[in-house]
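Topology and contacts: notes
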Amino acid sequence: VTNTRIAVNNLIQQIGQLKKLLHMPTNLRACGITKQQLLTAKEVICLAALNDGCTSTNPRKPTYIDIEIILEKI
């Protein structure tokens, strides 16, 4: 378990470094998206995510609420 946890933490750090190297935004605010814009589009985004063909192939199928939580975190 410890080795797995260490590996996951290393992966997260490496992804963070890669995002910095590529000058990728780390959140929606950095993309110029305001909280109001997100709230206005939230329903459309959640429904689009649920209807996306890739969503059905996820190991764990998200619910509408799961997608809302993800949006709040980004």
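Check the entry above for the structure.
Calculation criteria
Residues numbered from 1 in each chain as written. Predicted model: local features only at pLDDT ≥ 70, side-chain atom pairs only at ≥ 80, totals over all residues. Heavy atoms only, no water. Helix = DSSP H or I, 4+ residues; strand = E, 2+ residues; numbered from the N terminus. Rg over C-alpha atoms; globule rule 2.2 N^0.38 Å. Buried < 20%, exposed > 50% of the residue type's maximum accessible area, 1.4 Å probe, protein only. Areas by Shrake-Rupley, 256 points an atom, 1.4 Å probe, with all protein chains shown as cover. Lys, Arg positive; Asp, Glu negative; His and termini not counted. Charge placed at Lys NZ, Arg CZ, Asp CG, Glu CD. Salt bridge = Lys/Arg side-chain N within 4 Å of Asp/Glu carboxyl O. Polar contact = N/O pair within 3.5 Å; in protein donor to acceptor, adjacent residues only side chain to side chain. Patch = residues over 30% accessible without salt bridge, like charges linked within 9 Å, V, L, I, M, F, W, Y side chains within 5 Å.

Let us now look at the overall build of the protein. A tally of helices and strands in the protein yields 3 helices and 0 strands. The order of α-helices and β-strands along the protein, N terminus first, is α-α-α. Radius of gyration (C-alpha) of the protein: 15 Å, far over the 11 Å computed for a compact globule of 74 residues. Dimensions of the protein, computed from the C-alpha atoms along their principal axes, are close to 40 × 30 × 20 Å. Per-residue burial for the protein yields a buried fraction of 11% across its 74 residues. Looking at the protein as shown, the accessible area adds up to about 6400 Å², and 61% of this sits on carbon and sulfur atoms. With 9 positive and 5 negative side-chain charges, the protein shows a separation of 12 Å between the mean positions of the two kinds.

Time to look at the pattern of salt bridges. Tallied over the full model, the rule gives 2 salt bridges. Across the pair E68 and K42 runs a salt bridge whose closest N-O atoms are separated by 3.5 Å. Here K42 lies in helix α2 (residues 35-51) and E68 lies in helix α3 (residues 64-73), a separation of 26 residues in the sequence. The buried category is assigned to E68, whose relative accessible area is 18%. Put simply, D66 and R60 hold a salt bridge, and the shortest N to O gap is 3.6 Å. The class of D66 is buried, set by a relative accessible area of 18%. In this structure R60 comes out as exposed when scored by relative accessible area, which is 63%.

To continue, consider the environment of T40. Tracing the backbone through its elements, the reader meets T40 in helix α2. Owing to a relative accessible area of 59%, T40 belongs among the exposed residues under this scheme. Among the polar contacts made by the side chain of T40, one reaches the main-chain carbonyl oxygen of Q36 at a distance of 2.8 Å.

With that out of the way, let us pick up a nonpolar patch on the surface. Side chains of L18, L21, L22 and M24 sit close together on the surface and give an oily, nonpolar patch of about 410 Å² of accessible area. Within the element layout of this structure, L21 appears in helix α1 (residues 2-21). A relative accessible area of 62% means that L21 is categorised as exposed.

Okay, unusual backbone geometry next. A positive phi angle, near 60°, is found at H23, a position not held by glycine. Mapping H23 onto the fold places it in the loop between α1 and α2.

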